[in-house]
Number of protein chains: 2
Amino acid sequence: MTIHPRDEIVRALKSANNVLLITHIHPDGDALGSQLALGNILRSLGKRVFLYGEEQVGHMYRFLPGSAEVDSSLPPLDGFDCGVALDCGDSNRLGANRDSLLTVHPFVVIDHHLGHQEFGDLRWIAPERASTGEMVYDLAQALGAELSLEAAYCLYAAIVSDTGSFKYSSTTADTFRIAGELLRKGVKPAEVCGKLFDNFTVKRLSLMRLVLDTLQLFAEDRLAIIAAPQDFFVKTGTAQADAETFINYPRSLDTVKIAAFLKESESGLVSVSLRSKGTAYDVAEVAAAFGGGGHRNAAGFKLGETTIAEVREKLLGELLPLVTR
Amino acid sequence: MTIHPRDEIVRALKSANNVLLITHIHPDGDALGSQLALGNILRSLGKRVFLYGEEQVGHMYRFLPGSAEVDSSLPPLDGFDCGVALDCGDSNRLGANRDSLLTVHPFVVIDHHLGHQEFGDLRWIAPERASTGEMVYDLAQALGAELSLEAAYCLYAAIVSDTGSFKYSSTTADTFRIAGELLRKGVKPAEVCGKLFDNFTVKRLSLMRLVLDTLQLFAEDRLAIIAAPQDFFVKTGTAQADAETFINYPRSLDTVKIAAFLKESESGLVSVSLRSKGTAYDVAEVAAAFGGGGHRNAAGFKLGETTIAEVREKLLGELLPLVTR
């Protein structure tokens, strides 16, 4: 009889008293939501918990209950009898203190990333799950914990973050089952989604309008390019991060197979985001040709000492043959 | 013992042979998805079905299986032994042929709109449901019908459309339960969402750019108004339906509590979409003051013989006191 890795983790957590909870650096909603929820759950079971994060929780996620407790100063590690890394696909993503953190034993790893690089003592790796949040929900059930509204809220935010509100292909019937259970705990979907998605600033909308005006279409509208020269950011008082999701607009055009977004940074670097649809166009290969990388449908690269016009020309040289072949 | 209205409708549908299926004019995803799904379900039970629509199905929804069958020529009505209006909150929204359509008996009405104006012979009105699609799912269960992938696909599209992919406050544990069941029938969430959300035409993007340039903010950016005068549609070669989701842009601004979108039709009618966030602002009440209706967070109305500028002034008279109180 094999033991489900989750059950080994349940056993480890049940016998632990002082638990260190960690997630990956630059944490997203699934990372933080899972970390905060598990902290809440373990406390409800009488455990002492320390929520470690290399950085303080960013503006975007401060709405998560408990986020103020994430502490960026590393505590003495010999006091912990269990460590848990959540949503972390690779030990390098534990950050600068990785080696110290890994001295805590047993070191538990709960993750859903495809291509997870194994580390730690006890691992539950489930790439078929849409989010680590779902896994923490199952863990809470297995621990026999009663979910508080706060924990449910964090798990709901985790799931919604990593599925783009149930839009991504990773969404399963299981995802919906758990989402329904979290609503029964009192979570209000519109409230969580409002915090996660309806937080556009007016400045960012101004930037978006400027960027969309740069749209160029090629090859019978199969290739779309948008650009954000440095002066757009200056004019609108925005930062590079504000432009993060704009590539979705050219990508969402019905005729478009490949979309590119060229962004000029303060230091004159031009960074390029590439997106493709379906299996016919591998933009990771294109990015690699420019020294970058990524996945088949989402990749990118950066070039220094150049201009947006120059990068556009070079990029067209690679993309036009690809999209018209 | 009272009979659930759904069960009366089940009885009526079971004994019918020729069913006329209708939805509201300018149908959205929930309207069309529900109509097409119920058509598919009734056919699987051996019924003859006619899918009537005043207009042909728009570009946006032609991906829905069965959408090509929606017929805009009214058939002889004496051949039907049952009519069903889906997602229609008001008999006026049956369109120009309303009076003829209502000669079909029994006339069944299945709707989830708050402030539904009763009509027809048998009514199942459930404003607590997030979509008419969910109600059709329940009806299929009650009819003992086995859902085809096509029907499941249409119902999933209906639910996703009317909940903004599970983002709106109307989303319930029931919504998730049904979404999960539809996935078990083989529906792929990313595929449906891709069709619903990533099918912008280039023309529509041009229209969006023009409309976003009209953004006006009031009351410390708590109130946002955008507008689409008729010449925007002419200039970009787009239709009213292309502008359907633009209200989401001003709505998604972090400071905005109420958003309004004023659209001018060819016939000079100005239609107004209203959105609010949270429970403090009831835009259905505002819409009602102008003879319209809807939900607390999503409502609308239409005014004739007027201009966008005039409607904007009147609307500001209602919205400014509300948003600043």
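Residues numbered from 1 in each chain as written. Chains lettered and ligands numbered in written order. Predicted model: local features only at pLDDT ≥ 70, side-chain atom pairs only at ≥ 80, totals over all residues.

1. Section: the overall build of chain A
For step 1, the next point in the chain: Tallying secondary structure elements over chain A gives 12 helices and 11 strands in all.
For step 2, the next point in the chain: A compact globule built from 325 residues would reach a C-alpha radius of gyration of about 20 Å, and chain A, at 22 Å, matches this within 12%.
For step 3, the next point in the chain: Principal axes of the C-alpha set define a box for chain A whose edges measure 60 × 40 × 40 Å.
For step 4, the next point in the chain: Taken across its 325 residues, chain A has 45% of its residues classed as buried.
For step 5, the next point in the chain: The contacts in chain A between residues at least 6 apart in sequence include a share of 65% that link residues at least 24 apart. (Helix = DSSP H or I, 4+ residues; strand = E, 2+ residues; numbered from the N terminus. Rg over C-alpha atoms; globule rule 2.2 N^0.38 Å. Buried ≥ 20, exposed ≤ 12 C-beta atoms within 10 Å, placed from the backbone. Contact = placed C-beta atoms within 7 Å.)

2. A look at the sheet that holds strand β3 (residues 82–86) of chain A
The strands that make up a sheet pair up through hydrogen bonds in the backbone, lying either parallel or antiparallel.
All names here are of chain A.
For step 1, the next point in the chain: Strand order across the open sheet formed by five strands is β2-β1-β3-β4-β5, with parallel pairing between neighbours. The open sheet is flanked by β2 (48–51) and β5 (122–125), the only strands paired with a single partner. On average, each strand axis in the sheet is tilted by 15° relative to the strand beside it, whichever way the strands run.
For step 2, the next point in the chain: Pairing geometry for strand β4 (residues 107–111) and β5, over four bridges, is parallel. Paired with I110 across the two strands is W124, which belongs to β5.
For step 3, the next point in the chain: Set on the sheet, helix α1 (residues 5–15) makes contact with β1 (18–23), β3, β4 and β5; between it and β5 the angle comes to about 135°. (Pairing = 2+ DSSP bridges. Axes fitted to C-alpha atoms, helices over the stretch in contact; angles between N-to-C directions.)

3. Topic: the environment of R177(B)
For step 1, the next point in the chain: Structurally, the position occupied by R177(B) is in helix α6 (residues 173–184).
For step 2, the next point in the chain: Considering only alpha carbons, one finds R177(B) and E134(B), 43 residues apart in sequence, at a separation of 9.8 Å.

4. A word on the packing of helix α2 (residues 29–44) of chain B against helix α4 (residues 132–143) of chain B
Residues and elements named next belong to chain B.
For step 1, the next point in the chain: It is at 9 Å that the axes of α2 and α4 come closest, and there the two elements cross at 15°. Classified by the angle their axes make, α2 and α4 are roughly parallel. Two packed elements cross with a definite hand, and for α2 against α4 that hand is right-handed. In this structure, α2 contributes D30, G33, S34, A37, L38 and I41 to the contact, and α4 contributes T132, G133, V136, A140 and L143. (Parallel < 35°, antiparallel > 145°, perpendicular 65-115°, else oblique. Left-handed = near helix turned anticlockwise from the far one by under 90°.)

5. Some thoughts on the domain arrangement of chain A
For step 1, the next point in the chain: Along its sequence, chain A is organised into domain 1 (5–197) and domain 2 (203–324).
For step 2, the next point in the chain: Here the C-alpha centre of domain 2 of chain A lies 33 Å away from the C-alpha centre of domain 1 of chain A. (Domains from an automatic or database assignment.)

6. Details of the interface of chain B and chain A
Accessible area lost when the parts come together is the quantity often used to give the size of an interface.
For step 1, the next point in the chain: At the interface, 36 residues of chain B touch 38 residues of chain A.
For step 2, the next point in the chain: Counting residues per element, the ones that place at least two in the side of chain B that touches chain A are α6, α7 (189–197), α8 (202–212) and α10 (248–251) of chain B.
For step 3, the next point in the chain: Per element, the largest residue contribution to the side of chain B that touches chain A is seven residues, and it comes from α6(B).
For step 4, the next point in the chain: For the side of chain B that touches chain A, a count of residues per class yields 17 nonpolar, eight polar and 11 charged. (Nonpolar A, V, L, I, M, F, W, Y, C, P; charged D, E, K, R; others polar.)

7. Looking at α4(B)
Residues and elements named next belong to chain B.
For step 1, the next point in the chain: If you check α4, its first and last C-alpha atoms are 16 Å apart, about what 12 residues at 1.5 Å a residue would give, namely 16 Å.
For step 2, the next point in the chain: For α4, every residue scored as buried is listed here: T132, G133, E134, M135, V136, Y137, L139 and A140.
For step 3, the next point in the chain: Positive backbone phi, approximately 70°, marks G144, located one or two places after α4. (Expected span 1.5 Å × (residues − 1).)

8. A closer look at the sheet that holds strand β11 (residues 298–303) of chain B
Residue and element names in this part refer to chain B.
For step 1, the next point in the chain: In spatial order, the strands read β6-β7-β8-β9-β11-β10; together these six strands make up an open sheet with mixed pairing. What marks the edges here is a single partner per strand, and that holds for β6 (216–218) and β10 (293–294).
For step 2, the next point in the chain: By the bridge criterion, seven bridges tie strand β8 (residues 258–264) to strand β9 (residues 270–276) in an arrangement that is antiparallel. Of the residues in β9, the one forming a bridge with F261 is S273.
For step 3, the next point in the chain: Across the sheet, helix α12 (residues 308–324) touches β6, β7 (223–228), β8, β9 and β11, and the angle it forms with β8 is around 165°.

9. What about the nonpolar core?
When a protein is soluble and globular, its nonpolar side chains tend to lie buried together.
For step 1, the next point in the chain: Counting 124 residues, the largest nonpolar core has L155(A), Y156(A), L155(B) and Y156(B) as its most contacted members.
For step 2, the next point in the chain: Filtering out sequence-adjacent residues up to four positions away, Y156(A) remains in contact with A179(A), L182(A), V187(A) and V192(A). (Core = buried A, V, L, I, M, F, W, Y, C linked by C-beta atoms within 7 Å.)

10. Here's the deal with unusual backbone geometry
For step 1, the next point in the chain: Cis geometry is adopted by the peptide bond preceding P106(A), which originates at H105(A) and carries an omega value of -10°.
For step 2, the next point in the chain: With respect to the helices, strands and loops of the structure, P106(A) is situated in the loop between α3 (98–101) and β4.
For step 3, the next point in the chain: The backbone phi angle of E220(A) is positive, close to 55°, even though this residue is not glycine.
For step 4, the next point in the chain: If you trace the backbone, E220(A) turns up in the loop between β6 (216–218) and β7 (223–228).
For step 5, the next point in the chain: For E220(A), a count of 9 C-beta atoms within 10 Å translates into the label exposed.
For step 6, the next point in the chain: One non-glycine residue, S165(B), lies in positive phi territory at about 55°.
For step 7, the next point in the chain: Counting through the fold element by element, S165(B) comes out in the loop between α5 (149–163) and α6.

11. Structural notes on the environment of N297(B)
Residue and element names in this part refer to chain B.
For step 1, the next point in the chain: Position of N297 among the secondary structure elements: in the loop between β10 and β11.
For step 2, the next point in the chain: What makes N297 buried here is the crowd of 21 C-beta atoms within 10 Å.
For step 3, the next point in the chain: Placed 202 residues apart in sequence, N297 and G95 show a C-alpha to C-alpha distance of 25 Å.
For step 4, the next point in the chain: Ignoring any residue separated from it by four or fewer positions in sequence, one finds N297 in contact with S169, R275, S276, K277 and V283.

12. So, the packing of helix α5 (residues 149–163) of chain A against helix α7 (residues 189–197) of chain A
Residues and elements named next belong to chain A.
For step 1, the next point in the chain: Relative orientation of the contacting elements α5 and α7 amounts to 55°, with a least axis distance of 10 Å. What the angle tells us is that α5 and α7 run oblique. For the element pair α5 and α7, the recorded crossing hand is right-handed. Here Y153, Y156, A157, V160 and S161 of α5 come into contact with α7, specifically with V192, C193 and L196.

13. Remarks on the pairing of β8(B)
All names here are of chain B.
For step 1, the next point in the chain: With seven of seven residues buried, β8 lies mostly within the body of the structure.
For step 2, the next point in the chain: Side chains I258, A260, L262 and E264 of β8 all project onto a buried face; the interleaved residues A259, F261 and K263 project onto the opposite face, where all are buried too.
For step 3, the next point in the chain: Both β7 and β8 contribute to a ladder of six bridges, which runs parallel. Bridge pairing links A224 to A259 in β8.
For step 4, the next point in the chain: The turn linking β8 back onto β9 is made up of five residues, and G268 within it adopts a positive phi angle of 85°.

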